[in-house]
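# Coordinate inspection notes
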Amino acid sequence: MLTAGVDLAAETAGTALATVQWSSSAAVLRSLEKAVPDARIAAVAETAVSTGIDCAFGWPDEFVAFVAAHARGERIAGELAGMPWRRTLAYRETDRVTREVTGRWPLSVSTDRLGLTAMHCAALLEGIADRIGPVDRSGAGPVAEVYPGASLRLWGFDTRGYKTDAAVRAGLLARFGERMPWLDLGSFADLMVADDDAFDAVVAALVARAHALGLTPPPPAEHLDRARREGWIALPPRELAAIAPRPAP
């Protein structure tokens, strides 16, 4: 089994890609690349059993409807324009579910720092679709939206400062060795310590393993149609042993 993880940025320069090869006894980090173009990601997605991409796959339905109505010059009723209404524009259904599970809000794709990256993601998903067919944004196919920071917290790792402090990432890798002795990082450990995007790409590839094994909860039936437009974050199980290498049945 080959899984891939992408830490997507607004531009190629900040995008990282990792691939992990899984056998019955080990998980080997086969590649870890920076400044990865979309064509390279699409080619890897064609060969991977699952590809986890760290970026929102879509925008909230309410936000899309609001922008379209605003463009048409339609009036917004004043009593509806308060903060509770604005929050419906800011967060997707999967964001609300993720907050319930993890205790933290994901960044808002509508109002925070994800807009340009989400635009990049929309184009990337089209490029992947050209190779493997339409991408189901709900995660029903071989491509899934992932959230590395939340996944690390679900696994019991302390993520405070890991995005900005190389020493914290080095400490996390030491914990990886203790809790995931089957994970072989090869010569890429130094890059993971030096670069938080590379670090998150590897975590995304680990979450992709959970997705490939069918261990990431799908959207509830009542949210499935929405998830196919907005995207759905694939959250792994809390037990790391669930994704560990295992002999074939």
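Please read all numbers here as calculations on a predicted model, not as lab measurements. The residue numbering used here restarts from 1 in each chain and proceeds along that chain's sequence as written. The predicted origin of the model limits local features to residues at a pLDDT of at least 70 and limits the giving and counting of side-chain atom pairs to 80 or more, whereas totals for whole chains, interfaces and linings rest on all residues. Side-chain numbers come from the whole structure's heavy atoms, not from hydrogens or water.

### So, the nonpolar core
Stated formally: The term nonpolar core refers to a set of buried residues drawn from Ala, Val, Leu, Ile, Met, Phe, Trp, Tyr and Cys, joined through side-chain atoms within 4.5 Å. Note on exposure labels: buried denotes an accessible area under 20% of the residue type's maximum, exposed denotes more than 50%, and partly exposed covers the range between, all computed with a 1.4 Å probe on protein chains only. Numbering of helices and strands runs from the N terminus; a helix is a DSSP stretch of H or I covering at least four residues, while a strand is a stretch of E covering at least two. Throughout, a residue-residue contact means that at least one pair of heavy atoms, one from each residue, lies within 4.5 Å.
Leu-29, Leu-32, Trp-155, Phe-176, Met-192 and Phe-199 are the most contacted members of the largest nonpolar core, which has 36 residues in total. Sorting the residues of this core by element identifies strand 2 (16–22), strand 3 (27–34), helix 7 (166–179) and helix 9 (196–212) as the ones contributing at least two each. Per-element accounting of this core gives the leading share, ten residues, to helix 9. In contact with Met-192, not counting residues within four places along its chain, are Leu-29, Leu-32, Arg-169, Leu-173, Phe-176, Leu-185, Phe-199 and Val-202. Among the nonpolar cores identified, the runner-up in size contains 22 residues, and Ile-53, Phe-57, Val-109 and Ala-118 belong to it.

### Section: the layout of surface pockets
The condition that has to hold: Detection works on a 1 Å grid of protein atoms alone, calling trapped sets that fit a 1.4 Å probe cavities and calling open sets with protein on both sides within 12 Å along at least five of seven lines pockets, with lining residues defined by an atom within 4 Å of a point. Grid points are joined across faces, edges and corners, and a volume is the space filled by probe spheres set on the points. As a working rule, the residues Ala, Val, Leu, Ile, Met, Phe, Trp, Tyr, Cys and Pro are called nonpolar, Asp, Glu, Lys and Arg charged, and the rest polar, with Gly in that last group.
Reported here for the largest pocket is a volume of approximately 740 Å³. In this structure, the largest pocket is lined by 33 residues; those nearest its centre are Asp-54, Leu-107, Leu-114, Tyr-147 and Lys-163. At the level of elements, helix 6 (148–154) and helix 9 are the ones that each hand at least two residues to the lining of the largest pocket. Taken together, the residues of the lining of the largest pocket break down into 14 nonpolar, six polar and 13 charged.

### Things to note about unusual backbone geometry
Despite not being glycine, Ala-35 has its phi angle at roughly 55°, a positive value. Ala-35 sits in the partly exposed class, given a relative accessible area of 40%.

### Here we look at the pairing of strand 2
Moving residue by residue along a regular strand, the side chains alternate between the two faces of the sheet. Selection rule: Only strands that DSSP links by at least two bridges are regarded as paired with each other.
Most of strand 2 sits out of view: six of its seven residues are buried. Pairing of strand 1 (residues 2–7) with strand 2 involves six bridges; the strand directions are antiparallel. Bridging across to strand 2, Gly-5 finds its partner in Ala-18. The pairing of strand 2 with strand 3 spans seven bridges and is antiparallel. Residue pairing for strand 3: Val-20 is matched across the bridge by Leu-29. Counted along the chain from strand 2 to the antiparallel partner strand 3, the turn is four residues long.

### Observations regarding the sheet that holds strand 3
The pairing of strands in a sheet comes from backbone hydrogen bonds and takes either a parallel or an antiparallel form. Applicable threshold: Here the axes come from fitting lines to C-alpha atoms, over the contacting stretch only for helices, and the angles between their N-to-C directions go from 0 to 180 degrees.
Spatial ordering of the open sheet is given by 5-4-1-2-3-6, a layout of six strands whose pairing is mixed. Both edges of this open sheet fall to strand 5 (143–145) and strand 6 (183–184), since each of them pairs with a single strand only. Packing against the sheet, helix 5 (residues 115–132) makes contact with strand 4 (50–54) and strand 5, and its axis sits at approximately 170° to strand 4. Across the sheet, helix 9 lies against strand 1, strand 2, strand 3, strand 4, strand 5 and strand 6, angled at about 135° from strand 1, the strand it touches most.

Purely spatial values, then, with no claim about function.
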